[in-house]
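Here are the chains, one letter per residue:
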Amino acid sequence: MAGNQTRIDAISQITNRAPRVVDQPKSLKAIWASDVFNLTSMEEALSKNAFKAIKKTVQSGAPLDNATADIVASAMKDWAMAKGAKFFSHIFYPMTNATAEKHDGFIVTSPDGHAINEFTGSLLIKGEPDGSSFPNGSLRMTNAARGYTAWDPTSPAYIMNTDNGSTLMIPSVFMSWTGEALDKKIPLLRSNAAMNTAAQRVLALMGEQEIAPLNSSCGAEQEYFLIDANFANSRPDILLAGRTLFGAPPAKGQQFDDHYFGAIPARVQVFMQDFENKLYKLGIPAKTHHNEVAPGQFEIAPYYEAANVAADHQQLLMTVMKQTAKEHGFLCLLHEKPFAGLNGSGKHVNWSVGNATQGNLLDPGSTPHQNLNFLLFCGAVIRGVHKYGPLLRAVIATASNDHRLGANEAPPAILSIYLGDQLEQVFSDIKDGKLDAVFDGGLMDAGLSQILKFKRDPGDRNRTSPFAFTGNRFEFRAVGSSQSVSGPLVAMNTMLADSLDWIAAALETELKAGVEQTAAVINVLKALLSEHGNVIFGGDGYSADWHKMAVEERGLKNIPTTPDALQAFRDPEVIELFDRTGVLTPVELASRYEVYAEQYVLSVEVEAKLVAEIASTSIYPAAISFLATISSTAAGLTAMGVELDNTIAKTVAAETNAMMAAVAQLQAALEQDDFSDEQAHMTFLCRTVLVLMDTVRSHADALEMVVSDELWPLAKYREMLFIK
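Residues numbered from 1 in each chain as written. Predicted model: local features only at pLDDT ≥ 70, side-chain atom pairs only at ≥ 80, totals over all residues. Heavy atoms only, no water.

Chemist: An account of the overall build of the chain is needed here, citing residue identities and associated values.
Modeler: On a plain count of helices and strands, the chain comes out with 23 helices and 20 strands. C-alpha atoms of the chain, sized along the principal axes, occupy 105 × 80 × 70 Å. Out of the 724 residues belonging to the chain, those deemed buried represent 52%. In the chain, of all internal contacts separated by at least 6 residues, the share reaching a separation of at least 24 is 76%. Surface exposure of the chain reaches about 31,100 Å², of which carbon and sulfur atoms provide 53%. Of note, the chain has its 59 positive side-chain charges centred 4 Å away from the centre of its 82 negative side-chain charges. (Helix = DSSP H or I, 4+ residues; strand = E, 2+ residues; numbered from the N terminus. Buried < 20%, exposed > 50% of the residue type's maximum accessible area, 1.4 Å probe, protein only. Contact = heavy atoms within 4.5 Å. Areas by Shrake-Rupley, 256 points an atom, 1.4 Å probe, with all protein chains shown as cover. Lys, Arg positive; Asp, Glu negative; His and termini not counted. Charge placed at Lys NZ, Arg CZ, Asp CG, Glu CD.)

Chemist: Give a description of the packing of helix H21 (residues 647-670) against helix H22 (residues 678-704) that names residues and reports values.
Modeler: The N-to-C vectors of H21 and H22 enclose an angle of 160 degrees; their axes lie 8 Å apart at closest approach. Put simply, H21 runs roughly antiparallel to H22. Between H21 and H22 the crossing geometry is left-handed. Two secondary-structure elements touch here, H21 through Val652, Glu655, Thr656, Ala658, Met659, Ala662, Val663, Gln665, Leu666, Ala669 and Leu670 and H22 through Phe684, Val689, Leu692, Met693, Thr695, Val696, His699, Ala700, Ala702 and Leu703. Taken together, the residues of the contact of H21 with H22 break down into 16 nonpolar, four polar and one charged. (Axes fitted to C-alpha atoms, helices over the stretch in contact; angles between N-to-C directions. Parallel < 35°, antiparallel > 145°, perpendicular 65-115°, else oblique. Left-handed = near helix turned anticlockwise from the far one by under 90°. Nonpolar A, V, L, I, M, F, W, Y, C, P; charged D, E, K, R; others polar.)

Chemist: Report on helix H11 (residues 372-387), specifying residues and quantitative values.
Modeler: For H11, which comprises 16 residues, the first-to-last C-alpha distance of 22 Å matches the rise-based estimate of 22 Å (1.5 Å per residue) to within 8%. Burial analysis of H11 places 14 of its 16 residues in the buried class, the great majority of the element. (Expected span 1.5 Å × (residues − 1).)

Chemist: Give me the lowdown on empty space enclosed by the protein, citing residues and values where you can.
Modeler: Where empty space is left in the structure can be found by rolling a water-sized probe over the atoms. Inspection of every chain in the model, using the stated rule, returns three cavities of 30 Å³ or more. Estimated volume of the largest cavity: approximately 70 Å³. Forming the boundary of the largest cavity are Val36, Tyr93, Ser155, Pro156, Tyr158, Pro171, Leu282, Asp312, His313 and Leu316. Per element, the largest residue contribution to the lining of the largest cavity is three residues, and it comes from helix H10 (residues 307-327). Tallied by class, residues from the lining of the largest cavity come to seven nonpolar, two polar and one charged. (1 Å grid on protein atoms, 1.4 Å probe; cavity = no way out; pocket = protein on both sides within 12 Å on 5 of 7 lines; lining within 4 Å. Points joined across faces, edges and corners; volume = space filled by probe spheres on them.)

Chemist: Lay out unusual backbone geometry in plain terms, naming residues and giving numbers.
Modeler: Positive phi, close to 55 degrees, is recorded for alanine 33, a residue that is not glycine. Within the secondary structure layout, alanine 33 lies in the loop between helix H2 (28-31) and strand E1 (36-37). In this structure alanine 33 comes out as buried when scored by relative accessible area, which is 11%. Unusually for a residue other than glycine, phenylalanine 261 sits at a positive phi of about 60 degrees. Looking at the secondary structure, you find phenylalanine 261 in the loop between helix H8 (236-241) and helix H9 (266-281). On the basis of relative accessible area, phenylalanine 261 is assigned to the exposed category, the value being 52%.

Chemist: Quick rundown of the pattern of salt bridges? Include the residues and the values.
Modeler: For the structure on display, the rule yields 23 salt bridges. A salt bridge links arginine 697 to aspartate 701, with the nearest nitrogen and oxygen atoms 3.0 Å apart. With a gap of four residues between them, arginine 697 and aspartate 701 both fall in helix H22, about one helical turn apart. With respect to burial, arginine 697 and aspartate 701 carry one shared label: buried. In this structure, aspartate 709 and lysine 716 form a salt bridge, with 2.8 Å as the shortest nitrogen-oxygen distance. Taken together, the shared-partner salt bridges connect Arg383, Asp498, Glu576 and Arg580 into one network. (Salt bridge = Lys/Arg side-chain N within 4 Å of Asp/Glu carboxyl O.)

Chemist: I'd like a rundown of helix H14 (residues 421-431), residues and numbers included.
Modeler: Residues Gln422, Leu423, Val426, Phe427, Asp429 and Ile430 constitute the buried set of H14. The arc enclosing the buried residues of H14, seen along the axis, measures out at 150 degrees, which places them on a common side. As for H14, its buried residues are in contact with H11, strand E19 (467-469) and helix H16 (517-532). (Arc of directions from axis to C-beta.)

Chemist: Before we move on, could you go through a nonpolar patch on the surface and cite the residues and values that matter?
Modeler: On the surface, Leu239, Leu240 and Val606 cluster together to form a nonpolar patch covering roughly 290 Å² of accessible area. Note that leucine 240 resides in helix H8. For leucine 240, a relative accessible area of 60% gives the class exposed. (Patch = residues over 30% accessible without salt bridge, like charges linked within 9 Å, V, L, I, M, F, W, Y side chains within 5 Å.)

Chemist: Let's hear about the nonpolar core: which residues, and what values?
Modeler: Within the largest apolar cluster, 129 residues are counted, with the highest numbers of intra-cluster contacts made by Phe246, Val381, Phe427, Phe467, Phe474 and Phe476. Looking at this core element by element, the count peaks at 18 residues for helix H20 (residues 586-639). Sequence-distant contacts of phenylalanine 246, defined by excluding residues within four places in its chain, comprise Arg235, Asp237, Val611, Ile614, Ala615, Ile619, Val696, Arg697, Ala700, Asp701, Leu714 and Tyr717. Counting 30 residues, the second-largest nonpolar core is a separate cluster that includes Tyr158, Tyr224, Leu279 and Val320. (Core = buried A, V, L, I, M, F, W, Y, C linked by side-chain atoms within 4.5 Å.)

Chemist: Before we move on, could you go through the packing of helix H15 (residues 486-512) against H16 and cite the residues and values that matter?
Modeler: Interaxial distance between H15 and H16 falls to 9 Å at its minimum, and their mutual angle equals 135 degrees. Considered as vectors, H15 and H16 are oriented oblique to each other. Our pair here, H15 against H16, has a crossing hand that is right-handed. Packed against H15, whose contacting residues are Trp502, Ile503, Ala506, Leu507, Glu510 and Leu511, the element H16 presents Gln517, Ala520, Val521, Asn523, Val524 and Leu528 at the interface.

Chemist: Got a sec to walk through the side chain of aspartate 274? Specific residues and values, please.
Modeler: Mapped onto the elements of the fold, aspartate 274 is located in helix H9. Judged by relative accessible area, aspartate 274 falls into the buried class, the value being 9%. Apart from residues lying up to four places away in sequence, aspartate 274 is in contact with Arg20, Val22, Thr324, Glu327 and His328.

Chemist: Before we move on, can you summarise the state of the cysteines with the specific residues and values?
Modeler: Going through the model one piece at a time under the given rule, you end up with zero disulfides. Here cysteine 378 is not cross-linked by a disulfide; its sulfur's nearest cysteine counterpart is in cysteine 218, at 19 Å. (Disulfide = S-S within 2.5 Å.)

Chemist: Residue-level account of the packing of aromatic side chains, with values.
Modeler: Using the criterion set out here, one finds 22 aromatic pairs in the structure. Seen in terms of ring centroids, tyrosine 260 and phenylalanine 261 are 4.4 Å apart; in terms of plane orientation they differ by 70 degrees. Their pairing is edge-to-face. With centroids separated by 5.5 Å and ring planes inclined at 35 degrees, the aromatic side chains of phenylalanine 467 and phenylalanine 474 adopt a geometry described as tilted. Summarising the burial analysis for this pair, phenylalanine 467 and phenylalanine 474 share the class buried. Over the ring of phenylalanine 330 we find arginine 267, and its NZ or CZ is 4.0 Å from the ring centre. (Phe/Tyr/Trp six-rings, centres within 6.5 Å; stacked < 30°, edge-to-face > 60°. Lys NZ or Arg CZ within 6 Å of the ring centre and 35° of its normal.)

This is how it looks when you write it as structure tokens:
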């Protein structure tokens, strides 16, 4: 199709689209976890002894015997087949941010030619995908391909329904034949175990008698964009890169602040209801949805769950979101910065730790200055964020998230921690060797008799902080919207384990010296804050003053790009941290660096090739056609004795020539391959190729503002963002 015909057709189809009708369930109870083989389903399907054994495994990580696995497998098969499933799949999470699955049938043939359904404990426990075909950071060579998936009984199996049928999905870990972790789940489970061991040690020193296993919890707020799928046909950049590599700003963007929490468009509301019904069937507790700041941007936030289950649910949520969006004629964009000049999308990870006996250890209660367990665990987080800030930056480092971090829409690339007025005062007092009265937020009074007064929170919120305390948990706000939450959770759990071990050792020394418990806690935290208190900051994280102060006065690191950030995985202190806690061996950690570096290189190179291709094959012809039209018109007018102002023609010619010159430079840069290592390659792409891509775009976007609308080949921002 020539010119903007694709855009015209897209708008016509959107305008004439019949509303999609979605059947609504009678109640939440009727659908909740109906497609999940959870403990409730197991209790109905298993013998008492088998259920008791699997329940103990699920709730405390106790080992499971093979005989019980056989019983569970048989019951799981019967349950799944009753729901129409003919296949099962071990679903796992490679070192990319994607999911992977290998489907097998519940079928075995007999010598007499009959076929029967079979699913044994051995099939449930182990699968065997190719270990060398996934990004593995040299852990597996092409000729050493064996890899294993292994059932994770602590995350429930479920049914995935698609137009092609139903499949039993079994959450699994993924490892090599030689035993190394090739996935994101194994490190997450290990990090939780390390955190539990260290936390148990601290709580025992604090005199706690009954200490249930501790677990980290996670609630991830997912931001995303929706555009009509018809527009994607004219946007190869969106289809292949997930973001717009070209696009002039529309006259109206988000400057009126009329989108955030605004009325949700009717078509989007129907999508959300359908999407959330599917989540409820899968036992994913979607709790909140609303319009976000940018036009076409939205958010969904689930309730908190155990970190391992929450990580699995996050991956499943992204899959179901994209599938459901397609059913409603949308394209769901999870890229951190799909539209230049508009707010990008993050995935705020709310994280806490607790257990069944001591509760949430990051809940200060009404008197945090008297809650010694909370003070120790909060202090451990402060120490961890300060000591391992570069690691936290590394686990959120991607080519796409680099476009978002540091802008006035997302936290800066400097890792600091926000506590709020109340806790800042408490820890300030501790640093002075005392515990004084706590700040009271008082009552909120609107001055209207019909508006009830309510208790105000003792501390404000800070949206500019990358790591903020929000009442009874910490919110890691810098995580990217397309990322798995496993990496951030692994880093947070591991740094907490390290800090709790440090606190336990210091506390033991104080208590053995005969120091009273409260005084011992104050002494330990005072020493901790003296060394690590510089990371606490409650001001404006966007301000230039803070960036200068953080680096020059407080010694914090500003790490703006992925090539800079991934260096943390090579830091001897980080290598020792993961090795000592048993979360990742040095070889496994090195593989993460290699995989993430490769992902960065591939992402930037794909985008750069797209920039060159679209500029050359779509934008350049449109500009030339426009010039030809102007030239023909001008020649005709001149023949009539009418002179036409040629300013626009000169502008188009200049911008076109400049764009193609930059394209030539970009293509030449992409041909370079003499890099000493992956780090040098990343740095070149970051410092040179991305700059050239921006140069090409600047000229192309200038052309969009003057080339005839009927000739412009790409769907425009005003169309994609506002036409629903």
